[in-house]
Amino acid sequence: MKDDDVIEVFRLQAPVWEFKYGDLLGHLKIMHDAIGFRSTLKEKNYTMEWYELFQLGNCTFPHLRPEMNAPFWCNQGAACFFEGIDDSHWKENGTLVLVATISGDMFNKMAKWVKQDNETGIYYETWTVQASPEKGAEKWFESYDCSKFVLRTYEKLAELGADFKKIETNYTRIFLYSGEPTYLGNETSVFGPTGNKTLALAIKRFYYPFKPHLSTKEFLLSLLQIFDAVVIHREFYLFYNFEYWFLPMKSPFIKITYEEIPLPNRKNRTLSGL
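Residues numbered from 1 in each chain as written. Predicted model: local features only at pLDDT ≥ 70, side-chain atom pairs only at ≥ 80, totals over all residues. Heavy atoms only, no water.

**Student:** It is not clear to me how the packing of aromatic side chains should be interpreted in this structure. Could you clarify?
**Tutor:** Centre-to-centre distance and the angle between the planes together describe a pair of aromatic rings. Taken as a whole and judged by the stated rule, the model has 28 aromatic pairs. Aromatic pair Phe 37 and Phe 81: ring centres 6.4 Å apart, planes at 35°, arrangement tilted. Taken together, the residues span a long stretch of sequence, with Phe 37 in strand S2 (residues 31-39) and Phe 81 in strand S4 (residues 77-83) at a distance of 44 residues. Ring geometry for Phe 206 versus Phe 236: centroids 5.0 Å apart, planes at 70°, classification edge-to-face. (Phe/Tyr/Trp six-rings, centres within 6.5 Å; stacked < 30°, edge-to-face > 60°. Helix = DSSP H or I, 4+ residues; strand = E, 2+ residues; numbered from the N terminus.)

Here it is in structure tokens:
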């Protein structure tokens, strides 16, 4: 963008899988977040969002392939930037609201940061894992998803001098609750030629009920198997940053929240925003 451009920044939010299920997941507050930009000089709109490149289910659970000993993960994530804002998509069941106005110079600096961020964080992580729902509870693993990218971008814009409006902003978080996790190893140490065959089988058995494309009967049976593993036996195998961890699950086991996280305050008052 030209340095003297005036660019509006929009908060975008819509239900996950809206293209398939409409507002169904919106009622559960399972939302997807993105950022919109409008260039005054170009008179064009743009959308930027951090996506699981192979859809949420594939990023959360692996595929078990008969020809492969190890689970096959498609958990890559990346920021995508494209021209246009699909107004109806964001407005119909979600949010499209102006949150800040920045200069073209600030946008260009943010764009360089986005490229660096894209090259640093390459995987998508659905779960936030902590010891309990209590405030200040020990946090074992942090999620790395679309909302976290939006929050990082807002923080970067504030660091560059952006002034954000005082409006309420909420984000979806999916929690698992467990005791202290146990490190199990990476793909090679668990599933390689000298790996732990008993552990490898246990991990694959755990992930088996999460396979896609099930009939109604298979889906209901899988739910029972998942309930038995996670709630009755209190077990969960987490794949995080290319490593496997065992989570000793505890009540309430899993929870979806829609938490308010305020827009950031301007970090550097010496910068002239526009």
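Continuing now.
**Student:** Is there a simple way to explain the sheet that holds S4 in this structure?
**Tutor:** Within a beta sheet, neighbouring strands are joined by backbone hydrogen bonds and run either parallel or antiparallel to one another. If you trace the five strands from one edge of the open sheet to the other, you get S4-S3-S2-S1-S5, paired in antiparallel fashion. On the outer flanks of this sheet lie S4 and strand S5 (95-103), each paired with one strand and no other. The average angle at which neighbouring strand axes cross in this sheet is 20°, direction not considered. In the sheet, strand S3 (residues 44-52) pairs with S4 via seven bridges, with the strands oriented antiparallel. Looking across to S4, one finds that Glu 52 is bridged to Gly 77. Those strands touched by helix H5 (residues 104-120) are strand S1 (6-15), S2, S3, S4 and S5, and its axis lies near 110° from that of S5. (Pairing = 2+ DSSP bridges. Axes fitted to C-alpha atoms, helices over the stretch in contact; angles between N-to-C directions. Contact = heavy atoms within 4.5 Å.)

**Student:** Explain empty space enclosed by the protein to me, please; I cannot follow it from the model alone.
**Tutor:** Gaps between atoms show up when a probe of the same size as a water molecule is rolled over them. For the structure on display, the rule yields one cavity of 30 Å³ or more. Of the voids in this model, the largest cavity is the one considered here, and its volume is about 80 Å³. What lines the largest cavity is a set of 13 residues, among which Thr 60, Trp 73, Glu 125, Trp 127 and Phe 239 lie closest to the centre. The dominant element in the lining of the largest cavity, judged by the number of residues it contributes, is strand S10 (residues 235-240), at four residues. Tallied by class, the residues present in the lining of the largest cavity amount to nine nonpolar, three polar and one charged. (1 Å grid on protein atoms, 1.4 Å probe; cavity = no way out; pocket = protein on both sides within 12 Å on 5 of 7 lines; lining within 4 Å. Points joined across faces, edges and corners; volume = space filled by probe spheres on them. Nonpolar A, V, L, I, M, F, W, Y, C, P; charged D, E, K, R; others polar.)

**Student:** Please clarify how helix H9 (residues 216-232) should be interpreted in this entry.
**Tutor:** For H9, spanning 17 residues, the distance from its first C-alpha to its last is 23 Å, which sits close to the expected 24 Å at 1.5 Å a residue. Turning to H9, its buried residues number three or more, namely Ser 222, Ala 229 and Val 230. Projected onto a plane normal to the axis of H9, the buried residues spread over an arc of 80° and lie on a single side. Exposed residues lying more than 90 degrees from the buried face of H9 are Thr 216, Lys 217, Leu 224 and Ile 232. Residues of H9 that are buried in the fold lie against helix H8 (197-207), S10 and strand S11 (243-260). (Expected span 1.5 Å × (residues − 1). Buried < 20%, exposed > 50% of the residue type's maximum accessible area, 1.4 Å probe, protein only. Arc of directions from axis to C-beta.)

**Student:** Help me out: how do you make sense of the packing of H5 against helix H6 (residues 146-159) in this one?
**Tutor:** The description of two packed helices rests on the angle between their axes and on the distance between the axes. Two elements in contact, H5 and H6, have axes separated by 10 Å at closest approach and are oriented at 140°. Taken as axis vectors, H5 and H6 run oblique relative to one another. Every pair of crossing elements has a handedness; the one defined by H5 and H6 is right-handed. In this structure, H5 uses Met 106, Met 110, Trp 113, Val 114 and Asp 117 to contact H6, whose residues at the interface are Phe 149, Arg 152, Thr 153, Lys 156 and Leu 157. In terms of residue class, the contact of H5 with H6 is built from six nonpolar, one polar and three charged. (Parallel < 35°, antiparallel > 145°, perpendicular 65-115°, else oblique. Left-handed = near helix turned anticlockwise from the far one by under 90°.)

**Student:** Could you clarify how one ought to interpret the layout of surface pockets in this entry?
**Tutor:** Taken as a whole, the largest pocket encloses approximately 1,400 Å³ of empty space. Lining the largest pocket we find 37 residues, and of these Trp 17, Gly 57, Phe 61, Phe 210 and Phe 219 sit closest to its centre. With six residues, H9 is the single largest residue contributor to the lining of the largest pocket. Along the lines of polarity and charge, the residues of the lining of the largest pocket split into 27 nonpolar, eight polar and two charged. Its volume calculated, the second largest pocket comes out at about 380 Å³. Taken together, 25 residues form the lining of the second largest pocket, with Val 16, Trp 17, Met 31, His 32 and Glu 52 sitting closest to its centre. Of all the elements in the fold, those that place two or more residues in the lining of the second largest pocket are S1, helix H1 (18-21), S2, S3, helix H4 (87-93), H6 and strand S8 (170-178).

Geometric descriptors of this kind do not, in isolation, establish any biological role.
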